[in-house]
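Chain and residue survey
Given next are the chains, with one letter for each unit.
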Amino acid sequence: MTETIHPAAGRAGSIDRAEYERQYEAARNDPDGYWREQAGVIDWSRPFTVVKDTSFDQADFRIRWFADGQLNVSANCLDRHLATRGDQAAIVWEGDEPGETRTVTYRELHELTCRFANVLKAHGVAKGDRVTLYLPMVPEAAAAMLACTRIGAIHSIVFGGFSPDSLANRINDCDPRLVVTADEGCRGGKRIPLKANVDSALESCPGVESVLVLRRTGAAVPMVEGRDVWLDEELAMVDGDCPAEPMDAEDPLFILYTSGSTGKPKGVLHTTGGYLVWVAKTFRDVFDWREGELFWCTADIGWVTGHSYVVYGPLANGATTVMFDGVPSHPDHGRLWETVDRLRVNILYTAPTALRALMREGDGYVTKYDRGSLRLLGTVGEPINPEAWDWYWRVVGDRRCPVVDTWWQTETGGILISALPHATDLKPGSATRPLPGVLPQLVDGEGVPLDGAAAGNLCLTDSWPGQMRTVWGDHDRFFQTYFTTYPGKYFTGDGCRRDTDGYYWITGRVDDVINVSGHRMGTAEVESALVLHPKVAEAAVVGFPHEVKGQGIYAFVTLNAGEEWSEALATELKQWVRREIGPIATPDALQGAPGLPKTRSGKIMRRILRKIAEGEVGALGDTSTLADPAVVDALVAGRVG
Ligand code: WTA
């Protein structure tokens, strides 16, 4: 299982090892020259003259790429393909039920986007305004994103699995005048009350003037007079043509909220030019995509993977992208492979958690299907354990399809560390090597750079075009969060090991972020939700290893005086968090605690809680600095799971 897999020769145009090395050196030695050339992957309506203008130092901190150039993202993703591939499928939609499909050509998506943009304009949305999208995985969602980019509005997509409260927080932070949603979503045979969630969120969002409602299931939903309108009726009323607004490269493109170690989720802001260059190039290089191939990324557009590799990366290249509105376990665990065969998918990009869940159900669900169309497999979102990697390679790909393990973050815009399928020897469990333009550095706790084979904290010493530019509304938080831990470097929050071949092995978050089924969750967010419950006094949340989810959520809870711990209360609290944040935040384990281990200055010692949650109670380390060391024995005795 620890074998190294050598790449097979690629096709004409594939990046081979020599070309990778050449590009890596070119990007390092002459970033301006390299990126001037690479930026040609997209069309610029006004060419840029400045390329890289960045500094991570506090005194002259700035991140700007291609700053005096102009372009429009929707023109790049749609208009420029019309002459050559207007009748080619841009999106192949696969619904919740197998065979519920719909194909949208580039010409059709262009018209839908133009109409959508005109609807936005008719509702007063102008350049720079925010628009919140809370939608299922349907072609209209891609059109909504592209429509925003067409007129220079900034979209903020909120994953459909988030609760009304989470939605309201994300709306109030960026203050959109318009929200787009659907009557209901469908996931794994269940209905999700999207419109009802919007209604309840908007009770605390006074700034929202209009709600566009897409008919997805046809369910009867209440419409608020003067605020809510049906999308199909609006689309029919407007013109099918809408000029693409030329945007400055550094104009905001979208906001996407993501969890950090402290406080509320941050609105990660990406801008227009650098982001599009990054996702267009990485899509082409990492997936070695060719004309006519069908690409399927199973992520939801509510996450960055959906933004970059369901929508923008593929469409900027003129590829055909699959949008999947279902789940891999419905109607059974063969769904992905059945769909791969039926649609003839060539490239599949999914998350380790999905693979681990499917792996448990046995190989039969996979081998029953042909999978002959598959050429390349990718993973993203969390570390992939070598067992799951091996299963993907051996069972799913029949040892024929390279597996690219791609490391990146919401903040990075696109893939930063990954194998290139015809350039890189593969080692199961390693994201392998940095892409050209990516300068990783491992540092120890004091920020001292580590050379050669080493384990440390993963930083990036210089900017790349796809990097986030700020936290919406809080530029200081952006600088504080990412550039002060190790001054002069971007700190990723990830731990990482580098082996003697210079390969990177991401070991997971070293901060208070946990990665549950590939979804980022701040422990502070779950704690805040728990303490809102009237019986809860205090809560401390940590991650623990979980066989399928990668990490599970373990919560220690102390109750108010007079309250009594019970199984029923544990269940109620799980439901409570689910309702406050969303199902993805549901704690896997909840332990009633007499107290939390705190230092004399009142700081919770999470290191100890992590050990208890992991079941490593023999290795708790030094507990002598605790205000009340006896608490630890009680916690060990009361461990759940
Ligand atoms: C983790 C998802 C190991 C990592 C694109 C990172 C990974 C966080 C990998 C970002 C990978 C992502 N191997 N860990 N291939 N990909 N991660 O913002 O901890 O949702 O910091 O972006 O996921 O999660 P995010």
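Computed from a predicted structure; not experimentally measured. (Residues numbered from 1 in each chain as written. Predicted model: local features only at pLDDT ≥ 70, side-chain atom pairs only at ≥ 80, totals over all residues. Heavy atoms only, no water.)

What follows deals with the UniProt feature "domain: Acetyl-coenzyme A synthetase N-terminal" (unreviewed entry) in the protein. UniProt feature "domain: Acetyl-coenzyme A synthetase N-terminal" (unreviewed entry): in the numbering of this structure it lies at residues 20-77. Note that residues 20-77 is 40% helix and 17% strand, and that its end C-alpha atoms are spaced 26 Å apart. (UniProt positions renumbered as here; feature names shortened; annotations may be inferred. Helix = DSSP H or I, 4+ residues; strand = E, 2+ residues; numbered from the N terminus.)

This brings us to the UniProt feature "domain: AMP-dependent synthetase/ligase" (unreviewed entry) in the protein. Cross-referencing UniProt, the feature "domain: AMP-dependent synthetase/ligase" (unreviewed entry) maps to residues 79-461 in the present numbering. The annotated region residues 79-461 carries 32% helix and 23% strand content, and the separation between its end C-alpha atoms amounts to 37 Å.

Take Arg 85: it is sitting in helix H3 (residues 73-85). A relative accessible area of 12% places Arg 85 in the buried class. Non-local contacts of Arg 85, meaning those with residues more than four positions away in its chain, are made with Tyr 106, Trp 289, Glu 291, Asn 317 and Gly 318. (Buried < 20%, exposed > 50% of the residue type's maximum accessible area, 1.4 Å probe, protein only. Contact = heavy atoms within 4.5 Å.)

Take the nonpolar core next. In terms of nonpolar packing, the biggest core is built from 188 residues, with Phe 66, Phe 116, Phe 287, Tyr 312, Trp 337 and Leu 530 touching the most fellow members. The dominant element in this core, judged by the number of residues it contributes, is helix H5 (residues 139-151), at nine residues. No fewer than three residues from each of domain 1 (106-248) and domain 2 (517-638) sit in this core. Residues Phe 556, Ala 589, Met 605 and Leu 620 belong to the second largest nonpolar core, which totals 18 residues. (Core = buried A, V, L, I, M, F, W, Y, C linked by side-chain atoms within 4.5 Å. Domains from an automatic or database assignment.)

A regular strand places its side chains so that they alternate between the two faces of the sheet. Across the nine residues that make up strand S25 (residues 490-498), a large majority, eight, are buried. Pairing between strand S23 (residues 454-460) and S25: six bridges, direction antiparallel. Within the sheet, the bridge partner assigned to Leu 460 lies in S25 and is Tyr 490. Looking at chain direction, S25 and strand S26 (residues 504-509) are connected through five bridges and run antiparallel. Bridge pairing links Arg 497 to Trp 505 in S26. What sits between S25 and S26 in their antiparallel hairpin is a turn of five residues, with Gly 502 showing a positive phi close to 80°. (Pairing = 2+ DSSP bridges.)

With that settled, consider the sheet that holds S25. Strand pairing in a sheet relies on backbone hydrogen bonds. The paired strands run either parallel or antiparallel. Across the sheet, five strands lie side by side as S22-S21-S23-S25-S26; this open sheet has antiparallel pairing. Single-partner strands in this sheet number two, and they are strand S22 (449-450) and S26.

On to the domain arrangement of the protein, then. Looking at the protein, the domain boundaries give domain 1 (106-248) and domain 2 (517-638). Placing the centre of domain 1 and that of domain 2 at their C-alpha centroids yields a distance of 37 Å. Counting residues at the interface gives six residues for domain 1, matched by seven residues for domain 2. Among the residues of domain 1 in contact with domain 2, Phe 162, Ser 163 and Asp 165 are the three that bury the most area, contributing 56% of the side total. On inspection of domain 1 and its partner domain 2, the count reaches zero salt bridges. If you look at where domain 1 meets domain 2, you find four residue pairs in polar contact (both at pLDDT 80 or more). (Buried area = accessible area lost by both parts, 1.4 Å probe. Salt bridge = Lys/Arg side-chain N within 4 Å of Asp/Glu carboxyl O. Polar contact = N/O pair within 3.5 Å; in protein donor to acceptor, adjacent residues only side chain to side chain.)

Looking now at the side chain of Gln 467. Within the secondary structure, Gln 467 is located in the loop between S23 and strand S24 (470-471). Non-local contacts of Gln 467, meaning those with residues more than four positions away in its chain, are made with Phe 56, Ile 63, His 270, Glu 411, Thr 412, Phe 483 and Tyr 490.

On to the site of the ligand, then. Residues in close proximity to the ligand total 17 residues, the closest being Asp 405, Thr 406, Thr 410, Asp 494 and Arg 520. Contact between the ligand and Arg 509: an oxygen atom at 2.9 Å from a side-chain N or O atom of the residue. Within the complex, the protein chains bury 96% of what would otherwise be the 530 Å² of accessible surface of the ligand. Of all the elements in the fold, those that place two or more residues in the shell around the ligand are helix H10 (304-316), strand S20 (403-406) and S26. The residue makeup of the shell around the ligand, split by class, is six nonpolar, six polar and five charged. (Near = heavy atom within 4 Å. Areas by Shrake-Rupley, 256 points an atom, 1.4 Å probe, with all protein chains shown as cover. Nonpolar A, V, L, I, M, F, W, Y, C, P; charged D, E, K, R; others polar.)

So, about the pattern of salt bridges. One pass over the full model with this rule turns up 49 salt bridges. Residues Arg 150 and Asp 79 are paired through a salt bridge, measuring 2.8 Å at the closest nitrogen-oxygen approach. Of the two residues, Arg 150 is situated in helix H5 and Asp 79 in helix H3; the sequence distance between them amounts to 71 residues. A salt bridge links Glu 100 to Arg 216, with the nearest nitrogen and oxygen atoms 3.8 Å apart. Of this pair, Glu 100 sits in the loop between strand S4 (89-94) and strand S5 (101-105) while Arg 216 sits in the loop between strand S11 (210-214) and strand S12 (228-230), and the two are 116 residues apart along the sequence. Connected through shared salt-bridge partners, Arg 11, Asp 288, Arg 290, Glu 293 and Arg 375 make up one network.

Our focus in this paragraph is unusual backbone geometry. Cis peptide bonds are those with omega within 30 degrees of zero, and the linkage from His 330 to Pro 331 qualifies with 0°. With respect to the helices, strands and loops of the structure, Pro 331 is situated in the loop between strand S17 (320-324) and helix H11 (335-343). With phi around 55°, Phe 66 is a residue other than glycine that occupies positive phi space. Mapping Phe 66 onto the fold places it in the loop between strand S2 (62-65) and strand S3 (70-71). Despite not being glycine, Asp 175 shows a phi value in the positive range, around 55°. Mapped onto the elements, Asp 175 comes out in the loop between helix H6 (164-174) and strand S8 (178-182). Residue classification places Asp 175 among the partly exposed residues on the basis of a relative accessible area of 48%.

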